[in-house]
Amino acid sequence: FSDGTGSGNGTGGENAAGASRIKFQNLSNIKKREEPDNVFIEFGRFRPENVSLEPGTILILDKKETEGLNVVFENRVIHTGKTVAIDENFGIEIAETTQLGEIVYDEADYLSVQLGSSYLNKQEIAALHQGSYIILKQRAGEMTQILRAGKLVALGEICIADDTFAIRVVEVKG
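All values reported here derive from a predicted model rather than from experimental measurement.

Caption draft 1: Main features of unusual backbone geometry. Even without being glycine, Asn50 reaches a positive phi, approximately 60 degrees. Assignment of secondary structure puts Asn50 in the loop between β1 (39-46) and β2 (58-64). Judged by relative accessible area, which is 84%, Asn50 ranks as exposed. Of note, the phi angle at Glu74 is positive, near 50 degrees, even though the residue is not glycine. A residue is classified by how much of its surface remains accessible, and Glu74, at 58% relative accessible area, is exposed.

Structure (C-alpha cells):
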C-alpha cells in the first residue's frame, strides 16, 4: 500500500512517526443484491378485534417472558427461540422444536408483533438446529414493529407485565 517514499498514497496522510496511514473502505459487489427479509421473529399473531392502537396503549401479549418467540418462514412457525444480544443487534438462539410444522398462519386479518427479521437462504434455514443463532437486522433497544395483515401500523417498546411480554405503543403509522 505504501510506495516506499514515506509520502503516503493519498489515502489517509502520515502519522507522527512518518508512516503512512491507510484508510480502508468496503465496497459492495454491484451484482449482489440485498435480498428481502424472509425470516421473522414474532411474539405471536393475535386477533385485531377491539384493539386500539394509540400512543401510550399497552398491549399485553399472551406470551410469558420464559417462552420462546416464534421463528416464522413462509407463514409457518419453523422453530422457537430465546432472545439474545449479538454485538449491538438482537438475535435468536434456536430452541429444540418438534411439532411446529403444524402451526401455519393463514388468517387474512391479524396483528403481529415482531422483534425483528433477517434473510436466510434455504440451505441456512434447513441447517437451523437447537443452539443455532440468527442475527437480526434490528438493534437492541430499537422499537418493535406491530403489523396488521402484514402492513406496518405501529411501533412500540417491549415491556414485561407480571412475567408476560407487553408492548407499549409509541408511534402509530398512517
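So that's the structure; there's more coming.
Caption draft 2: Fine view of the pairing of strand β9 (residues 151-161). Pairing of strand β8 (residues 144-148) with β9, which is carried by 5 bridges, proceeds in the antiparallel orientation. What sits directly across from Ile146, in β9, is Ala154. Taking the residues that link successive antiparallel strands as the turn, the β8-β9 hairpin has 2 residues, and the phi of Ala149 there is positive, at about 50 degrees. As defined by bridge partners, β9 adjoins strand β10 (residues 164-172) across 8 bridges and the pair is classed as antiparallel. Within the sheet, the bridge partner assigned to Glu157 lies in β10 and is Arg168. Linking β9 back to β10 in an antiparallel pair, the connection comprises 2 residues, with Asp162 at a positive phi of about 55 degrees.

Caption draft 3: How the structure looks around the pattern of salt bridges. Counting across every chain of the model gives 7 salt bridges. Across the pair Lys137 and Asp37 runs a salt bridge whose closest N-O atoms are separated by 2.6 Å. Of this pair, Lys137 sits in strand β7 (residues 133-139) while Asp37 sits in the segment before β1, and the two are 100 residues apart along the sequence. Take Lys137: its relative accessible area is 40%, and that puts it in the partly exposed class.

Quick notes on the rules
Residues numbered from 1 in each chain as written. Predicted model: local features only at pLDDT ≥ 70, side-chain atom pairs only at ≥ 80, totals over all residues. Heavy atoms only, no water. Helix = DSSP H or I, 4+ residues; strand = E, 2+ residues; numbered from the N terminus. Buried < 20%, exposed > 50% of the residue type's maximum accessible area, 1.4 Å probe, protein only. Pairing = 2+ DSSP bridges. Salt bridge = Lys/Arg side-chain N within 4 Å of Asp/Glu carboxyl O.

Note that all results are geometric; they support no functional claim without further evidence.
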